[in-house]
Amino acid sequence: MMYCVRLALSHGLRAGYVMAALFVVAAVAHTPAAASEPQLGIPQVIENGWMVRLNHPDNAKTFDFDMTGSGFKVVTAANSATLPAHISVHRKLDTSVSALRFILDAEGDLSENTIILYDAAANELWRHQGALTKTAIELTGLHLNGEIVFRILRGKGAPGAAYTISGIETAADVTPPVIAPDGFTLVDTLDALRGYARLDNVRVRLKPGTYRLDKALYQHFVEFSGNDSQFDMTGVRIQANTELFSPFGVIPGVGGFYSVIDLTGDRVGIEGGYFETYGDKPGLQPRNKILNITGDDVTLNGTTIQTSGSVPWGYGSLFGISGDPVRKMNGIRVGAPADRVILRNCTVHMRAMGHGIFIQGAADTLIDGCKIDGLLRSTNDILAETTGFAAERDFKIKGSGEGVLPDANGRIPRGDMVSLSEDGIRLYDKSGTTRTGKTTIRNATVVGMRRGICTGFGVGGNLIVNSTVRDTIQAGFHVGSGDIVIGGKADAKYSEALSIAQNSYQGARVELEILDSRGGNGNDLLAQINGSQHRVTLHSSQAKFVPAAMVVEFATNRGFLGKLDNYGADRPDGLASDIELLNLTPAKVNLSQRAERITVVAPMNSQ
């Protein structure tokens, strides 16, 4: 991309230019002080219409800055403590811009300090290094939408050097946009889409095709920060370069992860779109995602995600779920402070270690008609390897194994099955200090994951309706306090179809059809029921779908989180009380001595 750059000493307003009053601040709530912005994990400040970001919390004192309506001044302070430090100064554009003019005054020891100007798509428009006295910079031949970003890179010079930008003028781009009959603005480049993603009240349709994403300014690569905007990506495939999952360092905190697409604006809708990665470079840290949603009333409809690029790949949870050397790639995160997000008819193909869809601090989320599929691999296939990650570690399981019990020597056993990913749909109890609210899951399908639908780690009171789980290796449905399952379906080929694992869980209501559970790996646990005051119905369309050896266990130490399933000998014994079970399957019911006041109605069996 080539632009015309002119340097001049004249500071007067040129014909066709307007002053920076045409810039407006992004209509997104931000912290007013230099505290870490929770959605991004880095310090962020709004001042006089500018948004200022530092690249790491430890670099918060590397620069001092002062913002005015038409410019800013950035002064170098202490040297960086963590990363090569930079400060980014954003200004949102409320109109398309074809030319830009501003005055640069660079003074003091600016050795190795650099100021760079980017557009919303992370394209470099201009840069300068070193000192310069009150010089006008003019850039023409532009096609800018969304925002401009000035970035100052901290060099080795002494503190007190300063860059001052003032007298910003713009010329409007008079090229008329292409408008479809339905009112959508038509664009044919990813760069153009990224510009509009920063704007409010736009309706944009990206031309069908494959687009590669290989530039970003932050560890959240593309930010949809505008409000009340709609984006049609039907027929669009966006591929993010795995090289982007490293250059921004390891940033602590809730928002410090890497993600391809961030939806931070409110009332944003995306129709369609296929998002994936390309390349084979593993990420710098374990917390990677394709899509992250933190805005209110966001809707995804018909969107597809395909994950890849995790390390190590091919072993699931056998070598741990966090820390070195694990580098995950999750599908979709819905996180705080999001309310009322809708995921409708979305598909997640999990070809990496990580969760398909997970909820973390968001409230009133609806997941409707979504499908998540993972891959299974036999332990015999893993044990046949003679080189590689598992062989180098003598096939020793690290941690619990998450559904795969080690043999007597702590190694991967023969004859078992491993999911290569984590949970299909997973709830966490909070994000930072924000508690997760109620989630509704309807008409979902999960196949080949570690756990299928896992709401048990949420805060309770979730609703799961007409959803199906198959071929999971550590629980089909894992539900918790107050959760309701209506019209659920799951098999027990490789693990329990139903897990109510914790003694603290109370008041779950479950109606679950058991699918064909024959032909698995010898699993005999149909359901694990601990806690109290639950009401459970288990049924199957054909008695033969439930092998004769299968059991329903109350107050059990088997199954997910059980001490007999390698989750720690110090875990408490399973307890169960005041529970009603209607068992319409041929499975036997086992009540341990720790089960109290259990009512079992089992027409097919004599209990």
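Read on for a plain summary of the structure. This one's a predicted model, so the numbers in the text were calculated from it and none came from an experiment.

**Here's the deal with the overall build of the protein chain**
Within the protein chain, the secondary structure is distributed over three helices and 53 strands. Buried residues in the protein chain amount to 58% of all 607 residues. Taking all contacts inside the protein chain whose residues are at least 6 apart in sequence as the whole, residues at least 24 apart take part in 72%. Only carbon and sulfur atoms are counted for the fraction: they give 51% of the accessible area of the protein chain, which is about 22,500 Å². Treating the 58 positive side-chain charges of the protein chain as one cloud and the 62 negative ones as another, the clouds have centres 2 Å apart.

**A look at the pattern of salt bridges**
Applying the stated criterion to the full structure yields 37 salt bridges. Note that Arg 53 and Glu 223 form a salt bridge whose closest N and O atoms lie 2.9 Å from each other. Taken together, the positions of Arg 53 in strand β6 (residues 50-54) and Glu 223 in strand β20 (residues 220-224) put the pair 170 residues apart, joining distant regions of the chain. Taking relative accessible area as the criterion, Arg 53 reaches 4% and is therefore assigned buried.

**Focus on a nonpolar patch on the surface**
On the surface, Leu 582, Leu 584 and Val 601 cluster together to form a nonpolar patch covering roughly 200 Å² of accessible area. With respect to the element layout, Leu 582 can be found in strand β51 (residues 576-584). Among the residues examined, Leu 582 registers a relative accessible area of 30% and is labelled partly exposed.

**Remarks on the packing of aromatic side chains**
On inspection of all chains with the given rule, the structure shows 15 aromatic pairs. Within the aromatic cluster, the residues linked to one another by ring pairs are Trp 50, Phe 72, Phe 102, Trp 126 and Phe 150. Geometry around Trp 50 places Arg 91 over its ring, the cationic atom sitting 4.6 Å from the centre. Arg 212 extends its terminal NZ or CZ atom over the ring of Tyr 278, reaching a point 3.8 Å from the ring centre.

Rules behind the numbers
Residues numbered from 1 in each chain as written. Predicted model: local features only at pLDDT ≥ 70, side-chain atom pairs only at ≥ 80, totals over all residues. Heavy atoms only, no water. Helix = DSSP H or I, 4+ residues; strand = E, 2+ residues; numbered from the N terminus. Buried < 20%, exposed > 50% of the residue type's maximum accessible area, 1.4 Å probe, protein only. Contact = heavy atoms within 4.5 Å. Areas by Shrake-Rupley, 256 points an atom, 1.4 Å probe, with all protein chains shown as cover. Lys, Arg positive; Asp, Glu negative; His and termini not counted. Charge placed at Lys NZ, Arg CZ, Asp CG, Glu CD. Salt bridge = Lys/Arg side-chain N within 4 Å of Asp/Glu carboxyl O. Patch = residues over 30% accessible without salt bridge, like charges linked within 9 Å, V, L, I, M, F, W, Y side chains within 5 Å. Phe/Tyr/Trp six-rings, centres within 6.5 Å; stacked < 30°, edge-to-face > 60°. Lys NZ or Arg CZ within 6 Å of the ring centre and 35° of its normal.

None of this, on its own, says anything about what the molecule does.
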